[in-house]
Amino acid sequence: MIIENNFLTEEELNVTQEHIIDNMDFPWYRIPHSTSEKYPFYAHSLLAREDFVDDEHPALNSPWFDFFLSILHRFVQKHKLYKGDYQIMRSSINDTLSFPDKGCDPHIDFFEEHLVVMLYLTESSGDTIFYTKEWKDGDPPSLLNEKNFPNLRVKQKITPEIGKVICYNGLNYHSHNFKKPNERRIVCVFGIRGERNE
């Protein structure tokens, strides 16, 4: 796990605040389910999930992709995450909602080795939760709250703070608590893979 506070520059924070967070015309799209249909959310897709695109021709969905890609590249290079080039599996800006449950279902995003880089664009409640359990072949991608899966042991909690960037093993089950109703919890998420530096 890599946690870096205040990674985004003042200029980058000003751009996201003015043109995304405070912009009433910024296009958000309702996603009817996340880990289950109980928890819809709003998103702005930067790059379609790899499942739906040709590797040679990634499906860019937004003019904002390059802005966030430059932040990702800076983070990857600073922390020497990969030996060479790496592939982006998905990228999205997510605006999560509030629900009566404490948090969303513990889950993973892909059934293969990958890293997730998350940029926090707002300050809010709704900690990101990491569990000691890692996915292995045969495990479900989501451990649904409604199925009463046994409690998982919490490994770490990360509180959303503006400009913070974290990087974690994507095969580590994770979730997030739901924010308070009067807050906005906005994150930019990248799923990435490549040959890792040891």
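Quick summary incoming for the structure in this document. (Residues numbered from 1 in each chain as written. Predicted model: local features only at pLDDT ≥ 70, side-chain atom pairs only at ≥ 80, totals over all residues. Heavy atoms only, no water.)

Description of helix α2 (residues 65-78)
Then comes step 1: The end-to-end C-alpha distance of α2, which contains 14 residues, comes to 20 Å, matching closely the 20 Å that a straight helix rising 1.5 Å per residue would cover.
Then comes step 2: Buried within α2 we find Phe65, Phe67, Phe68, Leu69, Ile71, Leu72, Phe75 and Val76.
Then comes step 3: Of the residues one or two after α2, Lys80 is the one with positive phi, at around 50 degrees. (Helix = DSSP H or I, 4+ residues; strand = E, 2+ residues; numbered from the N terminus. Expected span 1.5 Å × (residues − 1). Buried < 20%, exposed > 50% of the residue type's maximum accessible area, 1.4 Å probe, protein only.)

Description of the sheet that holds strand β8 (residues 165-169)
Strands in a sheet are paired, the pairing made by backbone hydrogen bonds, and the direction either parallel or antiparallel.
Then comes step 1: Pairing is antiparallel in the open sheet, where 7 strands are placed in the order β1-β8-β5-β10-β4-β3-β2. For this open sheet the edge positions go to β1 (2-4) and β2 (29-31), each flanked by a neighbour on one side alone. Strand-to-strand twist of the sheet, defined as the mean angle between neighbouring strand axes without regard to direction, takes the value 30 degrees.
Then comes step 2: Direction of pairing for β1 relative to β8: antiparallel, over a ladder of 3 bridges. Considered in β8, the bridge of Glu4 is made with Val165. (Pairing = 2+ DSSP bridges. Axes fitted to C-alpha atoms, helices over the stretch in contact; angles between N-to-C directions.)

Looking at the nonpolar core
Then comes step 1: Among the nonpolar cores identified, the biggest contains 31 residues, and Phe68, Leu119, Phe190 and Ile192 are the most heavily contacted of them.
Then comes step 2: Residue assignment for this core shows that the elements contributing at least two residues are α1 (10-21), β3 (41-47), α2, β4 (82-96), β5 (115-120), β8 and β10 (185-196).
Then comes step 3: Of the residues forming this core, the biggest block, 8 residues, is contributed by α2.
Then comes step 4: Excluding anything up to four places from it in sequence, Ile192 contacts Leu72, Val76, Tyr82, Tyr86, Gln87, Ile88, Met89, His114, Leu115 and Val117.
Then comes step 5: With 9 residues, the next largest nonpolar core counts Phe130, Ile158, Tyr168 and Val189 among its residues. (Core = buried A, V, L, I, M, F, W, Y, C linked by side-chain atoms within 4.5 Å. Contact = heavy atoms within 4.5 Å.)

Some words on the sheet that holds strand β7 (residues 154-158)
Then comes step 1: The sheet built from 3 strands is open, its strands ordered β7-β6-β9 with antiparallel pairing. Every other strand in the sheet has two partners, leaving β7 and β9 (172-176) as the edge strands with one partner each. Neighbour-to-neighbour, the strand axes of this sheet turn through a mean angle of 25 degrees, independent of strand direction.
Then comes step 2: As judged from the 4 bridges shared by strand β6 (residues 128-134) and β9, these two strands associate in the antiparallel manner.

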